Structures are given as C-alpha cells and as structure tokens.
Amino acid sequence: MYELIQVSPTCYYIQSPAKVGVVLTGENEVCLIDSGSDKDAGKKVLRVLQSQGWTLKAIYNTHSHADHIGGNRYLQTQTGCAIYAPAIELAFTEHPLLEPTFLYGGNPPSALRHKFMVAQESDVLPLTGDVLPAGWEIVSLPGHTFRMVGFRTPDGVVYLADCLSSEATLEKYKVCFLVDPAQYIETLETVKTMEAALFVPSHADPAAEIAPLAQRNIDAVHAVANTLTTLCETPQSFDALLRRVFETYGLTMTFEQHALVGSTVRSYLTWLTESGKLEMTIDDNRLVWQRPQIS
Ligand SMILES: [Zn+2]
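Residues numbered from 1 in each chain as written. Predicted model: local features only at pLDDT ≥ 70, side-chain atom pairs only at ≥ 80, totals over all residues.

(A) Quick peek at the overall build of the chain. For the chain, the helix and strand inventory stands at ten helices and 14 strands. Expected size for 295 residues packed as a compact globule is a radius of gyration near 19 Å; at 20 Å, the chain falls within 12% of this value. Within the chain, residue pairs in contact and separated by at least 24 positions form 63% of the contacts whose partners lie at least 6 positions apart. (Helix = DSSP H or I, 4+ residues; strand = E, 2+ residues; numbered from the N terminus. Rg over C-alpha atoms; globule rule 2.2 N^0.38 Å. Contact = placed C-beta atoms within 7 Å.)

In structure tokens form, the structure reads like this:
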C-alpha cells in the first residue's frame, strides 16, 4: 500500500484503498486527485510526495466520500494547498457531518459518526474549468454521488473515481452504493464510449479498455432493480424489504450497512417508482412499495 505507480510521463497514482491520483503540473509541482481515507493516509501521501522532492499545489476532489477526502485537512494544514470540489460535493466536503445525516435521514447516531463516515473538515473552493491545471478536463460522472467528477489529463489518462466497481467488489457486495441508478447507468454508457491512454478507477485496476467492466456494472444495477421489483410482488415496508435484500444476497447487517445499502435501496425505489415499475403508497400508516396491480 501507498506505493507510487507511474502510468504516463506525468501521471501517477498512490496505491491505497481509494487510489490517490498524482499529476505533475510543473517542475517538481504536483496536484492530487483525492487525498486518501484519513489523517494517517494524508501523512503517508505527503511522505511519498516529499520522497520525490515534489510540492503539493492543490487537491482536486472527485466527490465527498470520506475515503476520498479524508486526507484533505492534514495535507492542507501541512502544505497550505488549495482544495477544489464540484457543486454539492463541496458542501459535503466542507461539512462532512452531512454524509451520515444524508444516509441516515436525520440526526445520525454515534454509530454512524466514526471516521469512515465523517472526514475531517477542510477549506474547499468551487471546482470550475478556470481552476484546472493546463490541459486538464473535468469528466462529469454523476450517479454514485450527486455530482461526482473525474479528470482527463494532457497525457490522456482518465481518473474515473467511483463510477464503477471491480469484479471482486460486485461479487462481494452485490448492491454497490449509488444515489441515482438512472444517472449511474447513463454515466457508464458514456464511459463505455470514451477513449483514453489509460483509465484509473479508484477501486478497480487501471485498464486501457474500460467498456467490459462498465457493462458489468450496468448489468449489476439492472440485476438489483429486478430483485427489488420481484421482492415487491407483495407490498413491502422499507425495513421488511431491506431485510429480504440482505437475505437474498447473503449480506451481513451492521449499522453501517443498514445506512449504506439502505440509502442505496431507497434510491433504487425512487427510480423504480418514478419509472412506473413500482408504486409507493401509504397503507395502514406504513409507506409501502409494490408492483402496479393490473385491474
Ligand atoms: Zn464513493
């Protein structure tokens, strides 16, 4: 972990649970794409940069999940680097308590306030085209979160953030986190058509060809949607449905999984309801989802 891997003349990543992109943007000056999971990760990342004699100019966050912004505060305090984040992701990055609040749907209990959910706060500026290093492009990747982005560098390396999961992750978790399945699929359909010298996803191996894995992720979304519509053959309240999802996929329920998979299932239910595949009704003071009844 935390080895520096070079993938093009100016592009690198630091191997860590969520890869940290490192791009040379001047003589001995680098910018990061994300910052690692916590203060400790930030320390290790800074050590890697220092060992190369590089100074850190800025961090470009792809989205606001703690494993991508957790090193922000440490690196900013140590180096004074600027930090940029897109749109609503900026609000979550400046105020990380919003993350478990969003997942839980109310004031989150302490079980959801640990560092894997709540990163340290950092000072963040809006990500716009004007603040990009020369030759970089923003790649819009909504779906996993509201406004996640990736970056294309002048070497043709595209950092893809969390827009797809590895085969192993799909096998293990089955229901991968997302906030909008429709956008998630749309993003992956676009990614399938992209050309790049190399794609660097945060949680999958770098690849020159990304379309097969993108399609595998699209298929996985449809599989979860089919499972939910099948389970809603009879009216299901949320926790009854979530329990059956965990049983179906052999998942282990914890407070975190209840929040993460629960939020994801709610997002699927919105998509399936809005597209007419399910109906959401109130029944005996319960919110329930069911397949439309043919009369
Ligand atoms: Zn993420």
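(B) Quick peek at the sheet that holds strand 4 (residues 29-33). Across the sheet, which stays open at both edges, the seven strands sit in the order 1-2-3-4-5-6-7 with mixed pairing between neighbours. Here the strands that pair on one side only, and so sit at the sheet edges, are strand 1 (4-6) and strand 7 (125-126). Looking at chain direction, strand 6 (residues 82-85) and strand 7 are connected through two bridges and run parallel. Paired with A85 across the bridge in strand 7 is P126. Its contacts with the sheet put helix 1 (residues 39-51) on strand 1, strand 2 (11-14), strand 3 (20-26), strand 4 and strand 5 (55-60), and the angle it makes with strand 2 is roughly 140 degrees. Against the sheet, helix 3 (residues 72-79) engages strand 5 and strand 6, with an angle of about 145 degrees to strand 5. (Pairing = 2+ DSSP bridges. Axes fitted to C-alpha atoms, helices over the stretch in contact; angles between N-to-C directions.)

(C) Layout of the domain arrangement of the chain. Partitioning the chain into structural domains gives domain 1 (4-162) and domain 2 (224-290). Taking only C-alpha atoms into account, the centre of domain 1 sits 32 Å from that of domain 2. Across the boundary between the two partners, domain 1 contributes five residues, which contact five residues of domain 2. Each residue belonging to the side of domain 1 that touches domain 2 can be placed in one class, and the counts come to five nonpolar, no polar and no charged. (Domains from an automatic or database assignment. Nonpolar A, V, L, I, M, F, W, Y, C, P; charged D, E, K, R; others polar.)

(D) Examining the sheet that holds strand 10 (residues 157-161) more closely. Strands sit in the order 8-9-10-11 across an open sheet of four strands; the sheet is mixed. Among the strands making up the open sheet, the edge pair consists of strand 8 (137-140) and strand 11 (198-201). Strand-to-strand, the axes of this sheet are offset by a mean angle of 25 degrees, without reference to chain direction. Where strand 9 (residues 149-152) lies against strand 10, two bridges are found, and the strand directions are antiparallel. By the bridge assignment, F151 is partnered in strand 10 with Y159.

(E) Fine view of the environment of V149. In this structure, V149 sits in strand 9. Residue V149 is classed as buried on the basis of its 26 C-beta neighbours within 10 Å. Residues V149 and P86, spaced 63 residues apart in sequence, show a C-alpha to C-alpha distance of 7.3 Å. When sequence neighbours within four positions are dropped, the list of residues in contact with V149 reads T62, P86, L127, I138, V139, S140 and L141. (Buried ≥ 20, exposed ≤ 12 C-beta atoms within 10 Å, placed from the backbone.)

(F) Highlighting the pairing of strand 10. Within strand 10, five of the five residues are buried, which leaves the element mostly enclosed by the surrounding structure. Across the two faces of strand 10 the burial is the same, with V157, Y159 and A161 and V158 and L160 all buried. In sequence, strand 9 turns back onto strand 10 through a hairpin of four residues, with G156 there showing a positive phi of about 85 degrees. Note: strand 10 against strand 11, four bridges, orientation parallel. Its bridge partner being in strand 11, V158 is matched across the sheet by F199.

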